[in-house]
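Okay, here's what each chain looks like letter by letter:
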Amino acid sequence: MKNIFVSGHNGMVGSAIVRQLKQLADVNIITRSRTDLNLLDQSSVQAFFESNAIDQVYIAAAKVGGIVANNEYPAEFIYENLMIESNIIHSAHLVGIQQLLFLGSSCIYPKMAEQPMGEEALLTGTLEPTNEPYAIAKIAGIKLCESYNRQYGRDYRSVMPTNLYGPHDNFHPENSHVIPALLRRFHEAKIRGDTSVKAWGTGSPMREFLHVDDMAAASVFVMNLDNNTYQQHTQPMLSHINVGTGVDCTIKELTETVAKVVGFSGAIHWDASKPDGTPRKLMNVTRLGKLGWSYSITLEDGLHDAYKWFLSNQDSFRG
């Protein structure tokens, strides 16, 4: 029986990893809620690891938020994420845990990184200012894993997902990301009987999206790769692995697909006076493909799944 600790199990990514692990035989999943274990407290985290015989660790816990939150609370974003990853990685090392997977974010790459963004783009340019503190913390997590590997021979790995969506996403009306925001907007327009919906920008920017269940599958896949295979496709100081589809679509295509999934038959009016943002943001997933993994959930199928979850949980998102 393998004891596996998943931090952040109540979040979108952590809950997906738990669902994925439950499909495996001979696995005992260990979780702790925020009230049971304060990941910001070093002594509490150390005591937790000392009192549980853990074989593998997934670090899915993080302080996350949109542009507004990142701009308003930069100190909390860098401090809390640094503390969470530092406490878990160091405590795991001290009790002799050999296998750990750190989950990062595509925001680690420079604002003007060449598209599609390959792993080698890390630390080659200036980060996007709005989420720089969060990105710095995620970069530190990668380097923590690499440093314990180099100095102590640990097998701590890192994966960097593209834009994620799916069950347990944040559907808050003001601070959600694009897919949950669109799903909710079109759903409410349909319920009200609106004949049109306004969308920001021109719809021309291109974005990549990955269903969170595919992210979880990739995480478990990377965690359980044999070490020789993993090392053949990575470098000691460039060890992180991008996780995505390697396929993007325009925001216009995404918006039209969301409308179709929700069943909204009205018109979509684009407000070109609103900002478009970065023209393109796509992950290079060649490294992951060479290791033997690729995504399985299409965008339309994934949107149906996300909308189904929203309908079952929409009472939680009133406001």
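Residues numbered from 1 in each chain as written. Predicted model: local features only at pLDDT ≥ 70, side-chain atom pairs only at ≥ 80, totals over all residues. Heavy atoms only, no water.

**Notes on the environment of Val 18**
Here Val 18 is to be found in helix α1 (residues 12-21). Taking the C-alpha atoms as reference points, Val 18 and Thr 278, separated by 260 residues in sequence, lie 33 Å from one another. Apart from the residues lying within four places of it in its own chain, the contact partners of Val 18 are Val 6, His 9, Ile 29 and Thr 31. (Helix = DSSP H or I, 4+ residues; strand = E, 2+ residues; numbered from the N terminus. Contact = heavy atoms within 4.5 Å.)

**What to know about the sheet that holds strand β5 (residues 155-161)**
Read from one edge to the other, the open sheet built from 6 strands follows the order β2-β1-β3-β4-β5-β10, with strand pairing classed as parallel. In this open sheet, the two edge strands, each paired with only one partner strand, are β2 (27-30) and β10 (241-243). On average, adjacent strands in this sheet sit at an angle of 20 degrees to one another, irrespective of strand direction. As judged from the 4 bridges shared by strand β1 (residues 2-7) and strand β3 (residues 56-59), these two strands associate in the parallel manner. Counterpart to Ile 4 in the pairing with β3 is Gln 56. Where helix α7 (residues 212-223) meets the sheet, it contacts β3, β4 (99-103), β5 and β10, and its direction lies at approximately 145 degrees from that of β4. (Pairing = 2+ DSSP bridges. Axes fitted to C-alpha atoms, helices over the stretch in contact; angles between N-to-C directions.)

**Some remarks on unusual backbone geometry**
Put simply, Gln 115 and Pro 116 share a cis peptide bond, and its omega is -10 degrees. With respect to the helices and strands, the residue Pro 116 is situated in the loop between β4 and α5 (132-152). In this structure, Asp 26 is a non-glycine residue whose phi angle is positive, near 60 degrees. With respect to the helices and strands, the residue Asp 26 is situated in the loop between α1 and β2. Judged by relative accessible area, which is 55%, Asp 26 ranks as exposed. In this structure, His 168 is a non-glycine residue whose phi angle is positive, near 70 degrees. (Buried < 20%, exposed > 50% of the residue type's maximum accessible area, 1.4 Å probe, protein only.)

**What about the nonpolar core?**
Formed by 37 residues in total, the largest nonpolar core has its most connected members in Phe 5, Phe 49, Ile 54, Val 57, Ile 88, Leu 100 and Tyr 109. Secondary-structure elements contributing two or more residues to this core are α2 (42-50), β3, α4 (74-94), β4, α5 and β5. If you tally residues by element for this core, the top one is α5, at 6 residues. Every residue in contact with Phe 49, bar those within four places of it in the chain, is listed here: Phe 5, Ile 54, Val 57, Ile 88, Ser 91, Ala 92, Val 95 and Ile 97. Ranked by size, the runner-up nonpolar core spans 30 residues in total, among them Leu 21, Leu 101, Val 159 and Val 222. (Core = buried A, V, L, I, M, F, W, Y, C linked by side-chain atoms within 4.5 Å.)

**Regarding the pattern of salt bridges**
One pass over the structure, following the stated rule, counts 9 salt bridges. Asp 213 is the salt-bridge partner of Arg 19, the closest N and O atoms lying 2.6 Å from each other. Of this pair, Arg 19 sits in helix α1 while Asp 213 sits in helix α7; the two residues are 194 residues apart in sequence, bridging distant segments of the chain. A relative accessible area of 30% places Arg 19 in the partly exposed class. On the accessibility criterion, Asp 213 (24% relative accessible area) is partly exposed. With its nearest N and O atoms 3.2 Å apart, the salt bridge here joins Lys 260 to Glu 300. (Salt bridge = Lys/Arg side-chain N within 4 Å of Asp/Glu carboxyl O.)

**Quick word on the packing of α4 against α5**
As a packed pair, α4 and α5 sit with axes 8 Å apart at the nearest point and diverge in direction by 15 degrees. By the criterion of interaxial angle, the relationship of α4 to α5 is roughly parallel. In terms of crossing hand, the pair formed by α4 and α5 is right-handed. For the pair formed by α4 and α5, the contact residues are Pro 74, Phe 77, Ile 78, Asn 81, Leu 82, Glu 85, Ser 86, Ile 89, His 90 and His 93 on the first element and Pro 133, Tyr 134, Ile 136, Ala 137, Ala 140, Gly 141, Leu 144, Cys 145, Tyr 148 and Tyr 152 on the second. Its residues assigned to classes, the contact of α4 with α5 shows 14 nonpolar, 5 polar and 1 charged. (Parallel < 35°, antiparallel > 145°, perpendicular 65-115°, else oblique. Left-handed = near helix turned anticlockwise from the far one by under 90°. Nonpolar A, V, L, I, M, F, W, Y, C, P; charged D, E, K, R; others polar.)

**What to know about the sheet that holds strand β11 (residues 249-250)**
Through backbone hydrogen bonds, the strands of a sheet pair up, either in parallel or in antiparallel fashion. Spatial ordering of the open sheet is given by β11-β8-β13, a layout of 3 strands whose pairing is mixed. What marks the edges here is a single partner per strand, and that holds for β11 and β13 (280-281). Both strand β8 (residues 206-207) and β11 contribute to a ladder of 2 bridges, which runs antiparallel. In the strand pairing of β11, Arg 207 is matched with Cys 249.

**Looking at the layout of surface pockets**
Empty space within the second largest pocket amounts to approximately 190 Å³. Elements with a minimum of two residues in the lining of the second largest pocket: α5 and α8 (227-232). No other element matches α8, which puts 3 residues into the lining of the second largest pocket. Looking at the lining of the second largest pocket, its residues break down into 2 nonpolar, 7 polar and 3 charged. (1 Å grid on protein atoms, 1.4 Å probe; cavity = no way out; pocket = protein on both sides within 12 Å on 5 of 7 lines; lining within 4 Å. Points joined across faces, edges and corners; volume = space filled by probe spheres on them.)

**Focus: the environment of Asp 194**
Structurally, Asp 194 can be placed in the loop between α6 (178-192) and β7 (196-200). Residues Asp 194 and Asn 87 lie 107 residues apart in sequence; the distance between their C-alpha atoms is 50 Å. Setting aside its immediate chain neighbours within four residues, Asp 194 contacts Ala 189 and Phe 264. In terms of polar contacts, Asp 194 uses its side chain to reach the side chain of Arg 192, at 2.8 Å. (Polar contact = N/O pair within 3.5 Å; in protein donor to acceptor, adjacent residues only side chain to side chain.)

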